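Chains, contacts and geometry: an overview
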Amino acid sequence: MSQPYGPPDRPGAWSGPPQPGPPPSPQAGPQPGPPRPSPAQQPDFVQQQSPPPRPSAFKDFFNGVGYLLRGIGWVARHPAQWLFGLIPALIVLAVYVAALVFLAYRIDDLAGGVTGFADGWSDAARTSARVVAGIALYGSAVFLSVITFTAVTLLVGDPFYESIAVRVEESQGGAPPEPDVPLLVQIGRALKDALILGAVALVFAVVFFACGFLPVVGQTVVPVVAALVSGYFLAGELTSIALERRGLRRRDRFARLKTRRPLAVGFGAATFVVFLIPLGAVLAMPGAVAGGTLLARERLADDPPAEAGLTSPG
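Attention here is on the structure that accompanies the text. (Residues numbered from 1 in each chain as written. Predicted model: local features only at pLDDT ≥ 70, side-chain atom pairs only at ≥ 80, totals over all residues. Heavy atoms only, no water.)

Some points on the pattern of salt bridges
Applying the stated criterion to the full structure yields 7 salt bridges. We note a salt bridge from D60 to R260, for which the minimum N-O separation is 3.4 Å. Of this pair, D60 sits in helix α1 (residues 57–77) while R260 sits in the loop between α9 (250–259) and α10 (261–276), and the two are 200 residues apart along the sequence. Residue class for R260 comes out buried when judged on its relative accessible area of 8%. E169 is paired through a salt bridge with R246; the nearest N and O atoms lie 2.8 Å apart. Of this pair, E169 sits in helix α5 (residues 158–171) while R246 sits in the loop between α8 (240–244) and α9, placing them 77 residues apart in sequence. Accessibility expressed as a relative area gives 2% for E169, which makes it buried. Take R246: its relative accessible area is 27%, and that puts it in the partly exposed class. Among the ionic contacts, a cluster of salt bridges with common partners joins D60, R260 and R299. (Salt bridge = Lys/Arg side-chain N within 4 Å of Asp/Glu carboxyl O. Helix = DSSP H or I, 4+ residues; strand = E, 2+ residues; numbered from the N terminus. Buried < 20%, exposed > 50% of the residue type's maximum accessible area, 1.4 Å probe, protein only.)

What follows is the structure, given as structure tokens:
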């Protein structure tokens, strides 16, 4: 029987039992590796950056006040635009002052007319009721005047304030093109918006007038609430020029204001307080338009409206 293994047939050949060798080379292609950590387990430097949180309502309120200051600063650097914007405000102011002076002259009669229920009261009680009624009546008239003054002034001085708004936008990088809407249609829309705003303001004026009879609250809390409410509507009016230029109608404008309500109220309430200062409504009107343009451009122009079927920003 022959040996299972013999000498090699040629030098260097091996006919003995097979020897262990290196493992076969791995096949080409991706090889399974260790499981990837979840985003929560990843280090901070590789995690995806989240968008910065929106400021608190308190901070947003004062950011809105800052837009009025920025607008006033802009017209201070452009005095020709400030003088240009005074013209329509002076015209409307003359009409409003005449109406308020006439109201002050007749306030006793009007207060007596709305407090007929107090005719049988004692003199002190009847006088107190009429004083409260007079304050509430005149305060409601001032509230209504401040709300409608801006709308009427913007309506009368539309070419003036449109020019200021365009200059503000050009100074910030460029203004959007004017919408292709006939002039008569623009005037009709502005008149309609002014009437609607006046009707809403009248409703609030009646509510504040009724609340003015409440002791203490009517003379402290109600004026503050009136300033905040009027500020919201003032912001809607003062941002209308820039937003209308972007093709947004009244409903869409206020929908966007709703998404940034503290910001809008801060801007508008500061404007309301300035407008209460004698001649403040005239002197600050160009700056308020400039501030409203900056607010619309930087905070409202790219925000999807909440009531137009779009997703509100987070």
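Quick word on the layout of surface pockets
One number sums up the size of the largest pocket: a volume of about 730 Å³. Along its surface, the largest pocket is lined by 28 residues, and D158, Q186, R189, A190 and E244 are the ones closest to its centre. Elements supplying a minimum of two residues to the lining of the largest pocket: α4 (123–156), α5, α6 (183–211), α8 and α9. Residues of the lining of the largest pocket, tallied by class, amount to 12 nonpolar, 3 polar and 13 charged. (1 Å grid on protein atoms, 1.4 Å probe; cavity = no way out; pocket = protein on both sides within 12 Å on 5 of 7 lines; lining within 4 Å. Points joined across faces, edges and corners; volume = space filled by probe spheres on them. Nonpolar A, V, L, I, M, F, W, Y, C, P; charged D, E, K, R; others polar.)

Focus on the packing of α4 against α6
The N-to-C vectors of α4 and α6 enclose an angle of 165 degrees; their axes lie 9 Å apart at closest approach. One element, α4, and the other, α6, form an angle in the roughly antiparallel class. α6 is crossed by α4, and the crossing has right-handed handedness. Residue-level contacts link A133, A136, L137, S140, F143, L144, I147, T148, A151 and L155 of α4 to I187, A190, L191, A194, L197, G198, A201, L202, F204, A205, F208 and F209 of α6. (Axes fitted to C-alpha atoms, helices over the stretch in contact; angles between N-to-C directions. Parallel < 35°, antiparallel > 145°, perpendicular 65-115°, else oblique. Left-handed = near helix turned anticlockwise from the far one by under 90°. Contact = heavy atoms within 4.5 Å.)

Some words on the nonpolar core
The biggest cluster of nonpolar side chains holds 57 residues, and the ones touching the most others in it are F149, Y161, L257, F267, F275, M285 and V289. Tallying contributions element by element places helix α11 (residues 280–300) first for this core, with 11 residues. With residues near it in sequence (within four places) discarded, F275 still touches V146, T150, G280, A281, A284, M285 and A288. (Core = buried A, V, L, I, M, F, W, Y, C linked by side-chain atoms within 4.5 Å.)

Notes on helix α3 (residues 107–114)
All buried positions along α3 are accounted for by I107, A111 and G112. Within α3, the buried residues cover an arc of 135 degrees as seen down the axis, which keeps them to one side. Across from the buried face of α3, at angles greater than 90 degrees, the exposed residues are D109 and G113. At its buried positions, α3 is contacted by α2 (79–105) and α4. (Arc of directions from axis to C-beta.)

Considering the packing of aromatic side chains
Evaluation of the coordinates by the stated rule reveals 10 aromatic pairs. Both rings, one in F61 and one in F62, keep their centres 5.4 Å apart while their planes meet at 80 degrees; by these two values the pair is edge-to-face. For F61, a relative accessible area of 25% gives the class partly exposed. An aromatic cluster is defined as three or more aromatic residues linked by ring pairs; in this entry it consists of F204, F208, Y232, F233 and F254. We note R261 situated over the ring of Y232; from NZ or CZ to the ring centre the distance is 5.6 Å. (Phe/Tyr/Trp six-rings, centres within 6.5 Å; stacked < 30°, edge-to-face > 60°. Lys NZ or Arg CZ within 6 Å of the ring centre and 35° of its normal.)

Considerations on unusual backbone geometry
The phi dihedral of L279 falls on the positive side, at around 65 degrees, and the residue is not glycine. Inspection of the secondary structure assignment puts L279 in the loop between α10 and α11. Classification of L279 by relative accessible area gives exposed; the value is 52%.

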